[in-house]
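Next come the chains, spelled out residue by residue.
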Amino acid sequence: MKTFTKMGLSLTLSINAYAGTVITYENIDAPHSLRDIAQKKEPPLIENNNSSDQFIDIFKNATISGQIRSIYSQRDYAVSSNPDNYATALGGQLKYETSSFDGFSAAVAFYASQDINFATGSRSKEEQDSELSSDKGNFTQLAEAYVNYKDGNLNLRMGRQVVDTPLADSDAIRMIQNTFEAYLGTYTVGEFTFMAGKLQNWQGYDAGLADGYIPVGKTGAWLSSVAFSNNLFDVSTWIYNITDFSNILYTDASIHYNLSQDVFLHSSIQYINENELDDSMVNAQLYGAMAAVNIHGLTFTTAYNKAIVSKGKETFSGFGGGALYTSMDTMILNDIAIDRNSQAIVCSLSYALNNFKLLYAYGDFIGDRNSLGKKADIVEQNIGFKYNVTKNFEFSAVYTIDNDKIDSSNDQTNWNRLQLMATYNF
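As the structure is a prediction and not an experimental result, all values here were calculated from the model. (Residues numbered from 1 in each chain as written. Predicted model: local features only at pLDDT ≥ 70, side-chain atom pairs only at ≥ 80, totals over all residues. Heavy atoms only, no water.)

Peer 1: Outline the nonpolar core, listing residues and values.
Peer 2: Counting 42 residues, the largest nonpolar core has Phe 180, Leu 199 and Phe 319 as the members making the most contacts within it. If near-sequence neighbours (up to four positions away) are discounted, Phe 180 is found in contact with Gly 159, Arg 160, Gln 161, Val 163, Ala 168, Asp 169, Leu 199, Asn 201, Trp 202, Tyr 213, Val 216 and Phe 319. If you look at the next biggest cluster of nonpolar residues, it comprises 13 residues, including Ala 89, Ala 109, Ile 176 and Met 421. (Core = buried A, V, L, I, M, F, W, Y, C linked by side-chain atoms within 4.5 Å. Buried < 20%, exposed > 50% of the residue type's maximum accessible area, 1.4 Å probe, protein only. Contact = heavy atoms within 4.5 Å.)

Peer 1: An account of the pairing of strand β13 (residues 246–260) is needed here, citing residue identities and associated values.
Peer 2: Across 10 bridges, strand β12 (residues 233–242) lies against β13 in antiparallel orientation. Bridge pairing links Asn 241 to Asn 247 in β13. The sheet contact formed by β13 and strand β14 (residues 263–276) spans 14 bridges and is antiparallel. When the bridges of β14 are listed, Asn 258 appears paired with Phe 264. The antiparallel pairing of β13 with β14 creates a hairpin that spans two residues between the two strands. (Pairing = 2+ DSSP bridges. Helix = DSSP H or I, 4+ residues; strand = E, 2+ residues; numbered from the N terminus.)

Peer 1: Provide a residue-level description of the packing of aromatic side chains, including the pertinent values.
Peer 2: Tallying each qualifying case throughout the model produces 11 aromatic pairs. With a centroid separation of 5.8 Å and 15 degrees between ring planes, the pair formed by Phe 180 and Trp 202 is classed as stacked. Residue Phe 180 is found in strand β8 (residues 179–189), and its partner Trp 202 is found in strand β9 (residues 192–203); the two are separated by 22 residues along the sequence. The same class applies to Phe 180 as to Trp 202, namely buried. The rings of Phe 180, Trp 202, Phe 245, Phe 316 and Phe 319 are connected pair by pair, giving a single aromatic cluster. A cation sits over an aromatic face here: Arg 157 above Tyr 146, 4.0 Å from the ring centre. (Phe/Tyr/Trp six-rings, centres within 6.5 Å; stacked < 30°, edge-to-face > 60°. Lys NZ or Arg CZ within 6 Å of the ring centre and 35° of its normal.)

Peer 1: An account of unusual backbone geometry is requested, with residue identities and associated values reported.
Peer 2: The residue Ser 134 is not glycine, and still its phi comes out positive at about 75 degrees. A positive phi angle, near 60 degrees, is found at Asp 339, a position not held by glycine. Asp 339 gets classed as buried once you look at its relative accessible area, which sits at 17%.

Peer 1: Tell me what's going on with the environment of Ala 182, and back it up with residues and numbers.
Peer 2: Structurally, Ala 182 can be placed in strand β8. The class for Ala 182 is buried, based on a relative accessible area of 1%. For the pair Ala 182 and Gln 200, spaced 18 residues apart in sequence, the C-alpha to C-alpha distance is 5.6 Å.

Peer 1: How would you summarise a nonpolar patch on the surface if you had to cite specific residues and measurements?
Peer 2: A cluster of nonpolar side chains, namely Phe 59, Ile 64, Ile 68, Leu 90, Leu 94, Tyr 96, Val 108, Phe 110, Leu 142, Tyr 424 and Phe 426, defines an oily patch on the protein surface of about 1,000 Å² accessible area. Residue assignment for the nonpolar patch shows that the elements contributing at least two residues are β2 (63–77), β3 (85–97) and β5 (104–115). Checked against the element boundaries, Leu 142 lands in strand β6 (residues 138–151). Under the relative-accessibility criterion, Leu 142 is labelled partly exposed at 30%. (Patch = residues over 30% accessible without salt bridge, like charges linked within 9 Å, V, L, I, M, F, W, Y side chains within 5 Å. Areas by Shrake-Rupley, 256 points an atom, 1.4 Å probe, with all protein chains shown as cover. Salt bridge = Lys/Arg side-chain N within 4 Å of Asp/Glu carboxyl O.)

Peer 1: Any details on the pairing of β14? Residues and values, ideally.
Peer 2: Taken together, the 12 bridges between β14 and strand β15 (residues 284–295) define a ladder with antiparallel strand orientation. Its bridge partner lying in β15, Ser 268 is registered against Met 290.

Peer 1: Before we move on, could you go through the confidence of the model for the protein chain and cite the residues and values that matter?
Peer 2: Of the residues in the protein chain, 87% have a pLDDT of 70 or more, and the chain-wide mean is 88. No element of the protein chain has a lower mean pLDDT than helix α1 (residues 34–38), which averages 40, and none a higher one than strand β7 (residues 154–161), which averages 98. pLDDT under 50 marks residues 1–41. Its contacts with residues more than four places away, or in other chains, come to 170 contacts. (pLDDT = per-residue confidence, 0-100.)

Shown next, in the form of structure tokens:
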């Protein structure tokens, strides 16, 4: 199971406060808070007059949506003995969603990714980048299949679905985003939103594409949360019980304020407490803080995370992208917070002009001596841009440089990676 947190196309501009991630281009159009998720647009409502014709109309008024995506990725290793790899994939999503009848609706969505062989490295020579379409070179999954019920401020959803919470999220930074087999309910009261439910299984880029749906914990993960959100403050608290693995408390708070029409300020803090269950080795406390200022489209962001880890234990980054403010394209504090206290600081500068956005981010991940007396110090740099060619079509790129300042011979921490991505939504 992959637990790496990915910043993806880490192009700083806007903030996904409830999930606690570093500001990224991937989050520009994402809901700002859990409250926004609970109140997102529902399928068209069909008035119920108890006739069979009205029931048939839920299919006549169904919507079809989807995405076509293509990615080229290339990783060049500084260690010559390790083969460089590359891949080009084409795929996307196709979703069918009924309209609502008496509050009920349903949807199914297929996700697929296929390597383009002539533009992909040889699998037998370990030259293929398997992150796009699995090590088999292809991937197809019925990734969404759910029934939804909405009645006023209550929303219930059962089945395979997209989930975005601090420690379980979609992380749509490669070809296939994560989805979960889950039972979730949300309820809003004024500026408060409550969520509760259970995650059973999950699939996607972070779960390992070759394995399809795999368990979340031994018998699933229970979660509950309460969030408060208005135009100035966001505060949320989440509790996860990942069976036979860990009990986790996550909480964050943020302030966002427009000083003027062209000056925007944002700051956030977070705290995570992870307690070990059944000898899982997960036992740690994590702290984080982040501040950002946007002036006339120019955004400067500074983020910090600290992990305090029990001897011989480690941290858990979640099912998906994770919650830490300092997460980058490939590097996350959890990668080095094993049997040692660790810290990370990430600074980024981005600029947005009309449909074009540009970013540079620099992160330093430092680990104290572990039980073997070894330290860690890894620097990652992300250089990227995103261009909205039209409302539905966008092109983006990110170039990642990883440099291990202590061990230059480690092929896992010394390499460069290029990703080009074109996405069309319909």
